[in-house]
Amino acid sequence: TKGISCNAVTDPLHIGKKQYTASFTDEKFTNIKELNCDNTKCTTFKCLMKDLQLREDYYVNVSTRIWNGTFAATSFQSLELVVTATLDTFNPEIFVISNNKLLVPLTIIKPNEKAEVPIGVVVGSAIAGLVLLAALVAALWKLGFFKRKYEKLQKTEDEIAETTQLN
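On a predicted model such as this, the values are computed, not experimentally measured, just so you know.

Things to note about the overall build of the chain
Along its length, the chain carries three helices and seven strands. In the chain, the succession of helices and strands from N to C terminus is β-β-β-β-α-β-β-β-α-α. The buried share of the chain, reckoned over its 167 residues, is 7%. For the chain, the exposed surface amounts to about 16100 Å²; the carbon and sulfur share of it is 57%.

Here we look at the sheet that holds strand β7 (residues 101-109)
Spatial ordering of the open sheet is given by β3-β6-β7, a layout of three strands whose pairing is mixed. Edge positions in the sheet fall to β3 (34-35) and β7, since each has one partner strand and no second. Sheet analysis places strand β6 (residues 78-86) next to β7, joined by nine bridges and oriented antiparallel. Note that in β7 the partner of Thr-84 across the bridge is Leu-103.

Describing the nonpolar core
By size, the foremost hydrophobic cluster in this structure holds seven residues: Phe-29, Leu-35, Phe-71, Phe-76, Leu-79, Leu-81 and Ile-108. Excluding anything up to four places from it in sequence, Leu-81 contacts Leu-35, Ile-66, Val-104, Pro-105, Leu-106 and Ile-108.

Topic: the confidence of the model for the chain
The predicted coordinates of low-pLDDT regions are not to be read in fine detail. In the predicted model, the chain carries a mean pLDDT of 79, and 84% of its residues have values of at least 70. At the low end of the mean pLDDT range in the chain sits helix α3 (residues 157-166), at 66; at the high end sits helix α2 (residues 119-142), at 94.

Cut-offs applied
- Residues numbered from 1 in each chain as written.
- Predicted model: local features only at pLDDT ≥ 70, side-chain atom pairs only at ≥ 80, totals over all residues.
- Heavy atoms only, no water.
- Helix = DSSP H or I, 4+ residues; strand = E, 2+ residues; numbered from the N terminus.
- Buried < 20%, exposed > 50% of the residue type's maximum accessible area, 1.4 Å probe, protein only.
- Areas by Shrake-Rupley, 256 points an atom, 1.4 Å probe, with all protein chains shown as cover.
- Pairing = 2+ DSSP bridges.
- Core = buried A, V, L, I, M, F, W, Y, C linked by side-chain atoms within 4.5 Å.
- Contact = heavy atoms within 4.5 Å.
- pLDDT = per-residue confidence, 0-100.

Next up, the structure:
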């Protein structure tokens, strides 16, 4: 467009012009909830906009492509890809911009991916289960559930006399 120039590299690998084979590495993003420029490789570009009119609305549309294999080869359930757009002026004393930073989040979800259960949860659950079982056994024992109810094995003298008279 007239008055706008950008230094963005649109096709650094010349994919449309020559043969290119994509390769992906196995990565684990299970402990990462957000991908941003602090924890991954980023590309920055600048666009200069000249001859802008006062009190006019201007829209900037930035499109990008992400290889399907980029996220297919990694392990995660849900991941947020955050892009940052910043608007600066050459003369900040004259042109004051109050909100010059915009965060654009994109949530990527892999519904079939299984989450890893932390080892602390497994150990804690096992200990809690054993404590609960011990408490249940102690309560039943206190209520007399485990006492045997049986007939006396030794007969009294009266019972012995009765059985001898019958014989």
